[in-house]
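# Understanding the architecture of this molecule
What follows is each chain in one-letter form.
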Amino acid sequence: MTENYFFEKFLEQFEESDLSQITIDSEFRSIEEWSSMMALVIIAMVDEEFGITITGDDIRKSVTIRDVYNVVAARKTAV
Amino acid sequence: MIEKSCYYDPLIFSKEREIIFDSHWLFCGLTSEIPGRRDWKVIEYFGHSLILYNSGKSIRVFQNVCPHRFNKIFDDTRGRGVIVCGYHSWSFSEEGYLVGNQELEAENDKRPCLKEYPTEIIGQFIFVALKTPIQSIQKQLGKETVEILNTISLRLTKRIFEQSLDHCCNWKFIVENVIETEHCLSIHQDTLVKAGYCQNSPIISFDSSHDNSSFIVPFSNDNFGKKRNRFVSMLFGSENVNSNYQHHFIFPNLLISNFENINFNVSKLLPINAERTLFDMQFFIAPVITNNQGLIDEFISMTIQFGKEVFEEDKLFLERVQKGVKQIDHNGFHYKSATRIHKFVESYKKWMLNGKS
Ligand code: FES
Ligand SMILES: [Fe+2]
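These figures come from a predicted structure and were not determined experimentally.

Expected angles at a metal are 109.5 degrees for tetrahedral coordination by four donors and either 90 or 180 degrees for octahedral coordination by six donors. Residues and elements named next belong to chain B. The protein atoms that coordinate the iron ion (ligand 2) are H183 (NE2), H188 (NE2), D314 (OD) and D314 (OD), at distances spanning 2.1 to 2.4 Å. Given 4 donor atoms and angles of 57 to 146° at the metal, the environment of the iron ion (ligand 2) is assigned as irregular. Positions of the donor residues of the iron ion (ligand 2), expressed as sequence spacing, correspond to H-x4-H-x125-D. Taken as a pair, H183 in the loop between α4 (171–178) and α5 (184–187) and D314 in helix α8 (residues 293–325) lie far apart in primary sequence, 131 residues in all. The exposure classification of H183 matches that of D314, with both residues buried.

Pasting the structure below:
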């Protein structure tokens, strides 16, 4: 899993927002479309794409997209 | 239209209790709340404290009052164990008979036992009759409702939340609120509407020989819905998901919301007086097919949050309505489209006038 691939998959979950200014270090809550339901979408995506379980708390503690990536990456190497 | 005093007059309230609640089978709990032998649960209906008891062979409903000197037997709401009264330690068998050989005054030739109420079970739904029921449970509910209860029972596998929310309003205001969708666009904008549950018109159903009613609101498959499908199908399997929100009102006081066949609210209204009602609710989710505990837990917490918000949104208005009804000098209006309310009004009047179906 590369950082870029994760970032790409993360952004794919959003359909209605202008993502041109978003980088992996952006705060994902600043994406207009973000809602509590998006946490579930991200958790499902991480399972489907990377076979990793992350929790709602992991997302709540994260600020940027990279923070989420780091959780996934750490869990991936731990497996 | 229901005459406005019916929403606050204590005399009418006692009449309702006698005519409607005492003559109907009343929903009092689910078998899954007392799954094991000697599990019990206490509920209060109009000052009757009831013990729902799993005897190992059947579910029984006893009066929660000791026949000796009338002590309340169980003080907690739930537990497991033998029925023992704390005052003089009389203990009762699973069938409600007094155990032991206490010597009693001769004038009592009968051995004391707990008062037992007639009970019927449909799927997981336990119904009790506070007085002698005037018709069979099948006749009261009707074939369709029996089928709905049986089907839903199979999906109520995991209880995720329960609470009793005290509402300072008449029980009928709550019924009227939950059986119409006209208020959703105004007050549930951030919850039901945003989640796509109330964007379409409801398809309403009821039949002329029973007092129950239902609606189905087809789910909006906008972007929000599509996003939802991604985790919903991972959690429950897309073949198990219905794209709609269904609501059932089972006269006089059982309410069931079925969200996409994956999460459910089962509620009963416990009227306390003409202006106060306990809204007793339980949330469930259907069986999950994933092992991803992070996803399951987050879905559960979102579902609980969502449900609580919806109930709070309604409660605020219901309590204002209760204050308003006493000030106004007419009986108000209903939307023509709110046919479930018309049906309820008709049933209510029929019972209050004739005392029979
Ligand atoms: S009142 Fe219950 S044992 Fe005496
Ligand atoms: Fe509502």
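On to the packing of helix α2 (residues 36–50) of chain A against helix α7 (residues 223–236) of chain B. Running from N to C, α2 of chain A and α7 of chain B cross one another at 50°; their axes reach a closest spacing of 9 Å. Taken together, the axes of α2 of chain A and α7 of chain B lie oblique to each other. As α2 of chain A runs across α7 of chain B, the sense of the crossing is left-handed. On α7 of chain B, the residues touching M37, M38, L40, V41, A44, D47 and E48 of chain A of α2 of chain A are F224, K227, R228, R230, F231 and M234 of chain B. Tallied by class, residues from the contact of α2 of chain A with α7 of chain B come to 8 nonpolar, no polar and 5 charged.

Turning our attention to the pairing of strand β3 (residues 48–54) of chain B. Residue and element names in this part refer to chain B. Of all 7 residues making up β3, 7 are buried, and the element is well covered by its neighbours. Relative to β3, strand β2 (residues 39–45) is paired through 6 bridges, and the arrangement is antiparallel. Within β3, the residue paired with E44 across the bridge is S49. Between β2 and β3, which pair antiparallel one after the other, the connecting turn spans 2 residues, and F46 there sits at a positive phi close to 50°. Here 5 bridges tie β3 to strand β4 (residues 59–63), and the two strands are oriented antiparallel to one another. Among the inter-strand pairings, N54 is bridged to a residue of β4, identified as I59. Linkage of β3 to β4, two consecutive antiparallel strands, is achieved through a turn of 4 residues, within which G56 is found at a positive phi near 95°.

The subject of this paragraph is the sheet that holds strand β5 (residues 78–80) of chain B. Overall, antiparallel pairing links the 5 strands, which are arranged β5-β2-β3-β4-β9 (chain B) in an open sheet. Two strands bound the open sheet, and with one partner strand each, they are β5 and β9 (116–117) of chain B.

Ranked by internal contacts, the top residues of the largest apolar core, which has 115 residues, are F6, F10 and I54 of chain A together with F125, F127 and F231 of chain B. Apart from the residues lying within four places of it in its own chain, the contact partners of F127 of chain B are W25, L26, F27, C28, P118, T119, E120, I122, I137, L141, L149 and L254 of chain B.

What follows deals with the packing of aromatic side chains. Residue and element names in this part refer to chain B. Going through the model one piece at a time under the given rule, you end up with 30 aromatic pairs over all chains. Ring geometry for Y45 and F46: centres 6.3 Å apart, planes at 15°, overall stacked. Side by side, Y45 and F46 carry an identical accessibility label, which is buried. Taking the centre distance of 6.4 Å and the plane angle of 40° together, the rings of F344 and Y348 count as tilted. Placement of both F344 and Y348 in helix α9 (residues 339–354) is noted, with a separation of 4 residues, approximately one turn of the helix. Since its relative accessible area comes to 1%, F344 is described here as buried. Aromatic rings pair up to connect F13, F21, Y45, F46, W171, F249, F251, F344 and Y348 into one cluster. The ring of Y117 has K115 sitting right over it, with the charged end atom 5.0 Å from the ring centre. Above the plane of the ring of F317 lies R320, whose end atom (NZ or CZ) is 5.0 Å from the centre.

The rules behind these values
- Residues numbered from 1 in each chain as written.
- Chains lettered and ligands numbered in written order.
- Predicted model: local features only at pLDDT ≥ 70, side-chain atom pairs only at ≥ 80, totals over all residues.
- Heavy atoms only, no water.
- Donors = N, O, S within 2.8 Å, 3.2 Å for Na, K, Ca; no water.
- Tetrahedral: all angles 85-135°; square planar, octahedral: opposite > 155°, others 65-115°.
- Helix = DSSP H or I, 4+ residues; strand = E, 2+ residues; numbered from the N terminus.
- Buried < 20%, exposed > 50% of the residue type's maximum accessible area, 1.4 Å probe, protein only.
- Axes fitted to C-alpha atoms, helices over the stretch in contact; angles between N-to-C directions.
- Parallel < 35°, antiparallel > 145°, perpendicular 65-115°, else oblique.
- Left-handed = near helix turned anticlockwise from the far one by under 90°.
- Contact = heavy atoms within 4.5 Å.
- Nonpolar A, V, L, I, M, F, W, Y, C, P; charged D, E, K, R; others polar.
- Pairing = 2+ DSSP bridges.
- Core = buried A, V, L, I, M, F, W, Y, C linked by side-chain atoms within 4.5 Å.
- Phe/Tyr/Trp six-rings, centres within 6.5 Å; stacked < 30°, edge-to-face > 60°.
- Lys NZ or Arg CZ within 6 Å of the ring centre and 35° of its normal.

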